[in-house]
Amino acid sequence: MIYLDNAATTFPKPHRVTAEVMRCLTEYCGNPGRGSHRLALAAAEQIFSCREALSSFLGVGAPERILFTQNTTYALNLAIKGFLRQGDHVLISELEHNAVRRPICVLAAKGQITFDVFPVVGLTQDELLLRLAEKITPATRAVICTHASNICSITLPIARIGALCRKRGIRLIVDAAQSAGILPIDMKTMHIDALAAPGHKSLYGIQGCGFLAIGKDFALEPLMEGGSGVDSLPAEMPTDPPERFEAGTLPTPAIVGLLEGVRSLTSGTARDLAARERELFCAATERLSSLPDIHIFAKEHTGSVLLFQKDGVSAAELGRHLGSKGICVRTGLHCAPMAHKALGTPDGGAVRVSFGRYNTPSDVDSLWEALKS
Ligand code: PMP
């Protein structure tokens, strides 16, 4: 099997991740923050270590401002619904995943907010910033956008968008589902107010947790109420993060997996990993360009997600063919219909190839051979 679907979830996981998850399950998986016995304390300690590791990896500035969630989607819903107020106007990019687009559309349909979409495809960074600035109104309270597209190699100039937002008094909420662990992120210097990411993609944890990292003065309300393990008497949630936002039992095994995933990235090779994924992307782009009728979308950009289509063959059919050769890719609209529309892919979408740390140049050769046949 050749796994080229790392944008959906990375596979396989580093051994240190699976080993620690297993150690957690067999040696210390008490309920964190729910008791003062050895197992509960050990789980809580590991969870705090994960907050510390993420906080320093992403330049958050305080471990308690890492809020664990079940996935990126929940983290984005928390940022969007916990921050926006009646009458706000927001700007989202045309590359947004449904995890941003749908909550925004629902709030707009209820008459709570208005929103506008800024273009990205085919624009230089300067043009993008100009088009974004043009759409700002006096009611604009947030820009919400992805850092890296989940369907193609386009990445957004987040630091420049952050500087613009800061200058105009607007908050920046970033979907880092496809960038955390690959692209450098420093929330403070990039002026990011809230950043959502999954544990199970390029941070190399397992499925079961994501997080929202928030800036110091980001006024957020919880999305859920419930037990927090501390301060049980009041009817309201505790006032401070992270407990204010983390109702119910946390997924300790997923969080310790994420901790090991982050540690594996900070052990000196993270930059090499991004460069290697990029090399594989360039090799695949070159190989596929030599095949007749193959069209690659946004190939001139700097990310490593490759989107292509073959004339006269549907994406689903192409995906089935590659699957029959043992090559795992993802086809269709990838939960990002606006992005497909902007790129001009056919009705059935296109084929996405996404690399991870365990892919090699021979995987690119196999993809090429399978497409040739
Ligand atoms: N945003 C982007 C850009 C994504 O690629 C994904 C995952 N496909 C999500 C959000 C949602 O992530 P999750 O499945 O962890 O909720």
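In this text the structure is predicted, and so the values were computed from the model without any measurement.

## Looking at the sheet that holds strand 10 (residues 305-310)
Here comes step 1: As summarised here, the arrangement of the four strands in space is 9-10-13-12, forming an open sheet in which the pairing is antiparallel. Only two strands of the sheet have a single neighbouring strand rather than two, namely strand 9 (294-297) and strand 12 (330-332). Going across the sheet, the axis of each strand differs from the next one's by a mean of 30 degrees, ignoring polarity.

## Brief notes about the pattern of salt bridges
Here comes step 1: As enumerated under the stated definition, the model contains 17 salt bridges in all.
Here comes step 2: In this structure, Arg160 and Asp126 form a salt bridge, with 2.8 Å as the shortest nitrogen-oxygen distance. On the criterion of sequence distance, the pair formed by Arg160 in helix 6 (residues 158-168) and Asp126 in helix 5 (residues 125-135) is long-range, its members being 34 residues apart.
Here comes step 3: A salt bridge links Glu221 to Arg244; its shortest N-O distance comes to 2.9 Å. Of this pair, Glu221 sits in the loop between strand 8 (210-214) and helix 7 (252-265) while Arg244 sits in the loop between strand 8 and helix 7, and the two are 23 residues apart along the sequence.
Here comes step 4: What emerges from the salt-bridge pattern is a single network uniting Arg166, Arg171, Asp193 and Asp217.

## Let's talk about the site of the ligand
Here comes step 1: Neighbouring the ligand are 13 residues, the closest being Thr72, Thr73, Asp175, Gln178 and Lys201.
Here comes step 2: Contact distances for the ligand include 2.5 Å between an oxygen atom and a side-chain N or O atom of Thr73.
Here comes step 3: Within the side chain of Lys201, a nitrogen or oxygen atom sits 2.9 Å from a nitrogen atom of the ligand.
Here comes step 4: For the ligand, the accessible surface in isolation is 400 Å², of which the surrounding protein chains cover 87%.

## A word on the nonpolar core
Here comes step 1: Of all hydrophobic cores here, the largest spans 57 residues; its most connected members are Phe68, Val143, Leu156, Ile161 and Phe211.
Here comes step 2: When residues of this core are assigned to their parent elements, the largest contribution, six residues, is made by helix 7.
Here comes step 3: Built from parts of two domains, this core gets at least three residues from each of domain 1 (2-11 + 267-372) and domain 2 (15-263).
Here comes step 4: Within the second largest apolar cluster, 27 residues are counted, among which are Ala75, Leu76, Ile80 and Ile92.

## Topic: the domain arrangement of the protein chain
Here comes step 1: Here the protein chain is described as being made up of domain 1 (2-11 + 267-372) and domain 2 (15-263).
Here comes step 2: Inter-centroid distance (C-alpha atoms) of domain 1 to domain 2 is 26 Å.
Here comes step 3: Listed as interface residues are 31 residues of domain 1 and, on the opposing side, 26 residues of domain 2.
Here comes step 4: Between domain 1 and domain 2 the total buried area reaches about 2,400 Å² when both faces are included, carbon and sulfur atoms providing 55% of it.
Here comes step 5: Viewed at the interface, domain 2 and domain 1 are joined by zero salt bridges.

## Description of the environment of Leu107
Here comes step 1: Inspection of the secondary structure puts Leu107 in helix 4 (residues 98-109).
Here comes step 2: Note on Leu107: relative accessible area 7%, which makes it buried.
Here comes step 3: Between the C-alpha atom of Leu107 and that of Asp231, which follows or precedes it by 124 residues, the distance is 32 Å.
Here comes step 4: Residues contacting Leu107, with those up to four places away along its chain left out, are Ile80, Lys81, Leu84, Gln112 and Ile113.

## So, the packing of aromatic side chains
Here comes step 1: Inspection of every chain in the model, using the stated rule, returns two aromatic pairs.
Here comes step 2: Aromatic pair Phe83 and Phe218: ring centres 4.6 Å apart, planes at 20 degrees, arrangement stacked. Of this pair, Phe83 sits in helix 3 (residues 72-83) while Phe218 is found in the loop between strand 8 and helix 7, placing the two residues 135 residues apart along the sequence. The exposure classification of Phe83 matches that of Phe218, with both residues buried.
Here comes step 3: Over the aromatic face of Tyr204 sits the side chain of Arg357, whose NZ or CZ is 4.2 Å from the ring centroid.
Here comes step 4: A cation sits over an aromatic face here: Lys372 above Trp368, 4.0 Å from the ring centre.

## A word on the side chain of Thr10
Here comes step 1: Tracing the chain through its elements places Thr10 in the loop between strand 1 (2-3) and helix 1 (15-28).
Here comes step 2: Judged by its relative accessible area of 2%, Thr10 falls in the buried class.
Here comes step 3: Engagement of the side chain of Thr10 in a polar contact is seen with the backbone oxygen of Lys201, the distance being 2.7 Å.
Here comes step 4: Every residue in contact with Thr10, bar those within four places of it in the chain, is listed here: Tyr3, His200, Lys201, Ser202 and Tyr204.

## Thoughts on the packing of helix 1 against helix 2 (residues 38-58)
Here comes step 1: Interhelical geometry of helix 1 versus helix 2 gives an angle of 155 degrees and a closest axis separation of 10 Å. With respect to their mutual orientation, helix 1 and helix 2 come out roughly antiparallel. Listed contacts from helix 2 to Glu20, Glu27 and Tyr28 of helix 1 are Arg38, Leu39, Ala42, Ala43 and Gln46.
Here comes step 2: Taken together, the residues of the contact of helix 1 with helix 2 break down into four nonpolar, one polar and three charged.

## Topic: the pairing of strand 7 (residues 194-198)
Here comes step 1: In terms of burial, strand 7 is largely enclosed, as five of its five residues are buried.
Here comes step 2: Alternating positions in strand 7 separate into two faces, Ala194, Ala196 and Pro198 on one and Leu195 and Ala197 on the other, with burial throughout.
Here comes step 3: With three bridges joining them, strand 6 (residues 171-175) and strand 7 adopt parallel strand pairing. Within the sheet, the bridge partner assigned to Ile173 lies in strand 7 and is Ala194.
Here comes step 4: Across five bridges, the pairing between strand 7 and strand 8 is antiparallel. When the bridges of strand 8 are listed, Ala194 appears paired with Ile214.

What counts, and where the lines are drawn
Residues numbered from 1 in each chain as written. Predicted model: local features only at pLDDT ≥ 70, side-chain atom pairs only at ≥ 80, totals over all residues. Heavy atoms only, no water. Pairing = 2+ DSSP bridges. Helix = DSSP H or I, 4+ residues; strand = E, 2+ residues; numbered from the N terminus. Axes fitted to C-alpha atoms, helices over the stretch in contact; angles between N-to-C directions. Salt bridge = Lys/Arg side-chain N within 4 Å of Asp/Glu carboxyl O. Near = heavy atom within 4 Å. Polar contact = N/O pair within 3.5 Å; in protein donor to acceptor, adjacent residues only side chain to side chain. Areas by Shrake-Rupley, 256 points an atom, 1.4 Å probe, with all protein chains shown as cover. Core = buried A, V, L, I, M, F, W, Y, C linked by side-chain atoms within 4.5 Å. Buried < 20%, exposed > 50% of the residue type's maximum accessible area, 1.4 Å probe, protein only. Domains from an automatic or database assignment. Contact = heavy atoms within 4.5 Å. Buried area = accessible area lost by both parts, 1.4 Å probe. Phe/Tyr/Trp six-rings, centres within 6.5 Å; stacked < 30°, edge-to-face > 60°. Lys NZ or Arg CZ within 6 Å of the ring centre and 35° of its normal. Parallel < 35°, antiparallel > 145°, perpendicular 65-115°, else oblique. Nonpolar A, V, L, I, M, F, W, Y, C, P; charged D, E, K, R; others polar.

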